Amino acid sequence: MAGASPSARAEVVVPLDWAGAAATVSSEPAPPVVVVCGPKNAGKSTFSRLLLNLLLPRYGRVGYLDTDVGQPEFSPPGCLSFHVVDKAFSDLLNPSLRETERCCFFGDISSKRDPETYLNCLFHLYDYFVEKYRCSVSETIPLIVNTPGWVKGAGFDMLVEMLRYICPTIVVQIRISVQSKNLPDGMFWLDCGQTGPNMINIDAPFRDSMNRSLLIQKDSYGMRECRLVEYFKQCFPSDISLTTNKELAYALTSLPPYEVSISDVMVIHLHFQVPRSEVWHSLNATIVGLAISCGTTEAGRSIPWCVGLGIVRGVDVQRGILYVITPVPLKHLQRVDLLLQGLIEIPKSLLQVRGCVSPYMPTNVLHKI
Ligand SMILES: Nc1ncnc2c1ncn2[C@@H]1O[C@H](COP(=O)(O)OP(=O)(O)OP(=O)(O)O)[C@@H](O)[C@H]1O
């Protein structure tokens, strides 16, 4: 299939080396821990989906560690998450929201701003996987770790840290024809002489007539917006038709919000500081991570688990109440004691609806409740 043109992209292309790599991984004697890495848009997510579909019939359940905060596979933007998947992908080309087993809200679309916290979230999720799915033979499941496409500079350093921590049994590296954009060949994260995992190199799926990789650029901004729109659509039963963003914006406006007493929650600003007197106002018309505080782990980390996202659609400082819209079920919300504010914004398409004053702006937030 080398030489396939990207115009065929409505259907997944499975080059021979991809099929071979997936077959090798799925025939490993023990459930593998596979890290998929390579430059941006090389096909890491697509290959990971293909691999997951191949592992499922044998294992029944496959763990998936979603580490790309810009374009997560199963969660809204800003999250790192761990999933146990038991249903194959019917669409290999597009991500789909699924319930997470564990999620950390990093609150930004790139790890650049705070690599240390990013890595701590990732290690925390991996520790969870190991504790729950590697300690007892009967529970053991394979794991796919799809990594971000930032493979140079600090992005490379983070990938090295990630690989050293996870110690995968297989690394699948996707390479493109511009060698300078690829990761180094071989076990680049290990010191000389150390033994490592099985390495498999495959090529990006599309090539031009000169055999150069053709990368399909994605509309990352648009995809993030869609992700958030899809996420907040879950506030409504699936049989309610919300085909346009305008319909969704109206529906969100008329949805009775949860009332959260300010005294019951603590606010953590993840990537900036806010003067004490402005903390509550700063939440208005923002997306927050709804999280549950936890004690410090054995590894010395205290990263709260996030149960989902919410839109703070109003703040009544005098009554000490926040008004929050979220699709998170009440049983999980009852345990939430932290609001994590990052830099994930309400999609513009929900804020700037023609013929409708934005439901989230401060002057207009409370009177419809
Ligand atoms: N085998 C394939 N067949 C058809 N389309 C593909 C294939 N692989 C990738 N694509 C398309 O190429 C684009 C990039 O692929 P993908 O999202 O899998 O790359 P990625 O390496 O995960 O990107 P990122 O670095 O942004 O996470 C997507 O639009 C995807 O649908």
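Nothing here was measured: the structure is a model prediction, and the numbers come from that model.

Each value, and the rule that gives it
- Residues numbered from 1 in each chain as written.
- Predicted model: local features only at pLDDT ≥ 70, side-chain atom pairs only at ≥ 80, totals over all residues.
- Heavy atoms only, no water.
- Helix = DSSP H or I, 4+ residues; strand = E, 2+ residues; numbered from the N terminus.
- Rg over C-alpha atoms; globule rule 2.2 N^0.38 Å.
- Buried < 20%, exposed > 50% of the residue type's maximum accessible area, 1.4 Å probe, protein only.
- Contact = heavy atoms within 4.5 Å.
- Areas by Shrake-Rupley, 256 points an atom, 1.4 Å probe, with all protein chains shown as cover.
- Pairing = 2+ DSSP bridges.
- UniProt positions renumbered as here; feature names shortened; annotations may be inferred.
- Phe/Tyr/Trp six-rings, centres within 6.5 Å; stacked < 30°, edge-to-face > 60°.
- Axes fitted to C-alpha atoms, helices over the stretch in contact; angles between N-to-C directions.
- Near = heavy atom within 4 Å.
- Polar contact = N/O pair within 3.5 Å; in protein donor to acceptor, adjacent residues only side chain to side chain.
- 1 Å grid on protein atoms, 1.4 Å probe; cavity = no way out; pocket = protein on both sides within 12 Å on 5 of 7 lines; lining within 4 Å.
- Sits in = over half its atoms within 2 Å of the grid points.
- Nonpolar A, V, L, I, M, F, W, Y, C, P; charged D, E, K, R; others polar.

Bringing the overall build of the protein chain into the picture now. Helix and strand counts for the protein chain stand at 9 helices and 13 strands. Taking 2.2 N^0.38 as the reference for a compact globule, 369 residues should give roughly 21 Å; the C-alpha atoms of the protein chain span a radius of gyration of 22 Å, in line with that estimate. C-alpha extents for the protein chain along the principal axes are approximately 65 × 50 × 40 Å. Going through the 369 residues of the protein chain one by one, you find that 51% of them count as buried. Here the contacts in the protein chain between residues at least 6 apart in sequence split such that 70% fall between residues at least 24 apart. Carbon and sulfur atoms form 53% of the exposed surface of the protein chain, whose accessible area is close to 17400 Å².

Attention now moves to the pairing of strand β5 (residues 143–146). Each regular strand carries side chains that alternate between the two faces of the sheet. Side chains of β5 alternate between two faces, with Leu143 and Val145 and Ile144 and Asn146 buried alike. Looking at chain direction, strand β1 (residues 33–37) and β5 are connected through 4 bridges and run parallel. If you follow Val34 over to β5, its bridge partner there is Ile144. Examined bridge by bridge, strand β2 (residues 62–66) and β5 share 4 bridges and lie parallel to one another.

So, about the UniProt feature "domain: Clp1 P-loop" (unreviewed entry) in the protein chain. Here the UniProt feature "domain: Clp1 P-loop" (unreviewed entry) sits at residues 38–176. Regarding residues 38–176, the helix share stands at 35% and the strand share at 19%, and the terminal C-alpha atoms are separated by 8 Å.

With that out of the way, let us pick up the packing of aromatic side chains. Scanning the model with the defined rule gives 15 aromatic pairs in all. Taking the centre distance of 5.8 Å and the plane angle of 45° together, the rings of Phe82 and Tyr133 count as tilted. Taken together, the positions of Phe82 in strand β3 (residues 79–85) and Tyr133 in helix α3 (residues 115–133) put the pair 51 residues apart, joining distant regions of the chain. Here the two residues Phe82 and Tyr133 agree in accessibility, since each one is buried. Geometrically, the ring pair formed by Phe156 and Phe188 is tilted, given 5.5 Å between the ring centres and 40° between the ring planes. Here Phe188 lies in the loop between β6 (170–175) and β7 (198–203) and Phe156 lies in helix α4 (residues 153–166), a separation of 32 residues in the sequence.

A word on the sheet that holds β5. The 7 strands are arranged β4-β3-β2-β5-β1-β6-β7 in an open sheet whose pairing can be described as mixed. Looking at strand neighbours, the two that pair on one side only are β4 (102–105) and β7, the edges of this open sheet. Shown here is a sheet whose adjacent strand axes are inclined to one another by a mean of 15°, direction ignored. The sheet contacts of helix α1 (residues 16–26) involve β1, β6 and β7, and relative to β7 the element is tilted by about 160°. The strands touched by helix α2 (residues 44–59) are β1, β2, β3, β5, β6 and β7; relative to β5, the strand with the most contacts, the crossing angle is about 175°.

Looking at the ligand, there are 20 residues lining it, with Val13, Lys44, Ser45, Thr46 and Lys218 nearest. Val13 is positioned with one of its backbone polar atoms (N or O) 2.6 Å from a nitrogen atom of the ligand. Between an oxygen atom of the ligand and a side-chain N or O atom of Ser45, the distance comes to 2.7 Å. Surface burial for the ligand is 94%, taken as the share of its 620 Å² of free accessible area covered by protein chains. Among the detected pockets, the ligand sits in the largest pocket. With 3 residues, the top contributor of residues to the shell around the ligand is α2. Here the shell around the ligand is composed, by residue class, of 9 nonpolar, 6 polar and 5 charged.

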